[in-house]
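# Notes for the structure review
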Amino acid sequence: MSPRRQNLLPYNLPLIEEEEIQAVVDCLKSNWVTKGPKTVEFEKRFAEYVGAKHAIAVNSCTAGLHIALVGAGIGEGDEVLTTPMTFTSTANVIIHCGATPVFVDIDPKTMNIDHTKIEEKITSKTKAIIPVHIAGLPCEMEEIMDIAKRHNLFVLEDAAHAVYTQYKGRMIGSIGDATAFSFYATKNLMTGEGGMVTTNDDELAAKLRTYSLHGMSRNAWNRYTAKGSWFYEVEFPGYKYNMTDIQAALGMVQLSKLGFMQTIRELTVERYNEAFSKLPELGIPTNLDHARHAWHLYVIKLNLERITVDRAEFIELLKEENISTSVHFIPVHLHPYYRDTYGYKHGDFPQAEGVFDRIISLPLYPKMSEIDVQDVIEAVQTVVQRVRK
Ligand SMILES: *Cc1c(COP(=O)(O)O)cnc(C)c1O
């Protein structure tokens, strides 16, 4: 049987239009390409957008997570709680600080950290917690902030999927002690590579500004312009994590059309939900009444009891229908480094492992045409019919 779609549908593509191209060209023509006026403007607009006092632009979410932990004083001997159901960088940055990542299992429905299991993992060494808003669905922040307050923990949100997300009417980026966003190529708002840290803490914001640029008291924009001075001092051995004006130019265009891009995502999700909720072989993603979901990912869960193939084979069958997919994520504790270093093994986080065996992320991005969306729906229906018990 030949596939009904003739060419492979990519899993993800960014929406790059004339405005983005023009913004980058204008930046190049201005001759100011590194961190400068456009980055300052983007930081201001982003802080306003999420309702945070400060936003610090960085060259990735990973960089933002790292300096936020350093800024909070996390170091050797400390433990930081997070979820195994995330991208590896969430846990890697804990190790970069000299601290130890400690995982808390997930709620299989939301795939987010199970807040009822957090307190049993807290020890005298626990200093921080990194909740991850997986796929763009917010964690239970009220409960998490409450636990953090009682145990004096720093709350750093990994909001790589959660630009646009709201929790009980509040924007993600305005709740935790610090929040890190990703503008990686595949994310809802992209600058190629890039990220942003938001915080309401003046002292932390000042630290993050210097830590993102070698720990210097002044950046190039302050030094090389007419009002600037050549003088600077190094206050901390910082990192080279700053954003560039080329990225900020892209980011401002993307931010201005984020609402439009989100509307397309929401319409696609409605079509997927409508079609897939009729198939008992699949579970559709959970949403919550008190949330505004950013729909970074659309993750279906296979009911393995009702089908004759496993997740890997299901993905291969979709590929034969010319539909690309992905898996978010391989639980971090199952990676060789984490097994070998911390003694983690299969069975340690049964909810995360159980979900991992059943999940597939389907294509979901504003550049998809209505026909692309229909092709995904029909391909999934076709494969389900073939593997149905
Ligand atoms: C993409 C991603 C990151 C890392 O973002 P970068 O900007 O590439 O550093 C961190 N956490 C999660 C959950 C992600 O999906």
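The structure we're discussing is the one just above.
Reading the values: the criteria
- Residues numbered from 1 in each chain as written.
- Predicted model: local features only at pLDDT ≥ 70, side-chain atom pairs only at ≥ 80, totals over all residues.
- Heavy atoms only, no water.
- Axes fitted to C-alpha atoms, helices over the stretch in contact; angles between N-to-C directions.
- Helix = DSSP H or I, 4+ residues; strand = E, 2+ residues; numbered from the N terminus.
- Parallel < 35°, antiparallel > 145°, perpendicular 65-115°, else oblique.
- Left-handed = near helix turned anticlockwise from the far one by under 90°.
- Contact = heavy atoms within 4.5 Å.
- Nonpolar A, V, L, I, M, F, W, Y, C, P; charged D, E, K, R; others polar.
- Near = heavy atom within 4 Å.
- Polar contact = N/O pair within 3.5 Å; in protein donor to acceptor, adjacent residues only side chain to side chain.
- Areas by Shrake-Rupley, 256 points an atom, 1.4 Å probe, with all protein chains shown as cover.
- Core = buried A, V, L, I, M, F, W, Y, C linked by side-chain atoms within 4.5 Å.
- Buried < 20%, exposed > 50% of the residue type's maximum accessible area, 1.4 Å probe, protein only.
- Pairing = 2+ DSSP bridges.

## A short note on the packing of helix α3 (residues 61-71) against helix α6 (residues 202-211)
- At a closest axis distance of 10 Å, the pairing of α3 and α6 adopts a crossing angle of 125 degrees. For the element pair α3 / α6, the angle class is oblique. The element α3 and its partner α6 pack so that their crossing is right-handed. Counting all contacts with α3, which are made through I67, A68, V70 and G71, the residues of α6 involved are L204, K207, L208 and Y211.
- Taken together, the residues of the contact of α3 with α6 break down into six nonpolar, one polar and one charged.

## Describing the site of the ligand
- For the ligand, the set of nearby residues contains 16 residues, the closest of which are T62, D158, H161, S182 and K187.
- The contact in question runs from an oxygen atom of the ligand to an N or O atom on the side chain of H161, over 2.7 Å.
- Relative to its unbound accessible surface of 390 Å², the ligand loses 92% to contact with the protein.
- Counting residues per element, the ones that place at least two in the shell around the ligand are α3 and α4 (88-96).
- Residues that form the shell around the ligand fall into these classes: six nonpolar, eight polar and two charged.

## Things to note about the nonpolar core
- One finds F42, F46, I118, F181, F183, L189 and M196 to be the most contacted residues of the largest nonpolar core, which totals 41 residues.
- For this core, the secondary structure elements donating two or more residues are α2 (37-50), β1 (54-58), α5 (141-151), α8 (245-256) and α9 (258-276).
- Each residue touching L189, except ones within four places of it in the same chain, is listed here: F42, F46, V163, S182, F183, Y184, G251, Q254, L255 and L258.
- By size, the runner-up hydrophobic cluster in this structure holds 31 residues, among which are L282, L302, L362 and V373.

## Looking at the packing of α2 against α8
- It is at 8 Å that the axes of α2 and α8 come closest, and there the two elements cross at 35 degrees. Relative to α8, α2 is oriented so that their crossing is left-handed. Contacts between α2 and α8 pair P37, K38, T39, E41, F42, R45, F46 and Y49 from the former with D245, A248, A249, G251, M252 and L255 from the latter.
- For the contact of α2 with α8, the class distribution of residues is eight nonpolar, two polar and four charged.

## Focus: the sheet that holds strand β12 (residues 298-302)
- If you trace the three strands from one edge of the open sheet to the other, you get β10-β12-β13, paired in antiparallel fashion. Each edge of the open sheet carries a strand with a single partner, namely β10 (282-283) and β13 (359-362).
- Strand direction decides the pairing type here: β12 and β13, joined by four bridges, are antiparallel. Note on β13: the bridge partner recorded for I300 is I360.
- Across the face of the sheet, α9 comes into contact with β10, β12 and β13 while running at roughly 15 degrees to β12.

## Overview of the environment of G98
- Along the polypeptide, G98 turns up in the loop between α4 and β3 (100-103).
- Accessibility expressed as a relative area gives 24% for G98, which makes it partly exposed.
- Expressed as a C-alpha distance, the spacing of G98 and H293, which sit 195 residues apart in the sequence, is 34 Å.
- In this structure G98 touches G75, E76 and G77, once residues within four positions along its chain are discounted.

Everything listed is a geometric property; what it means functionally is a separate question.
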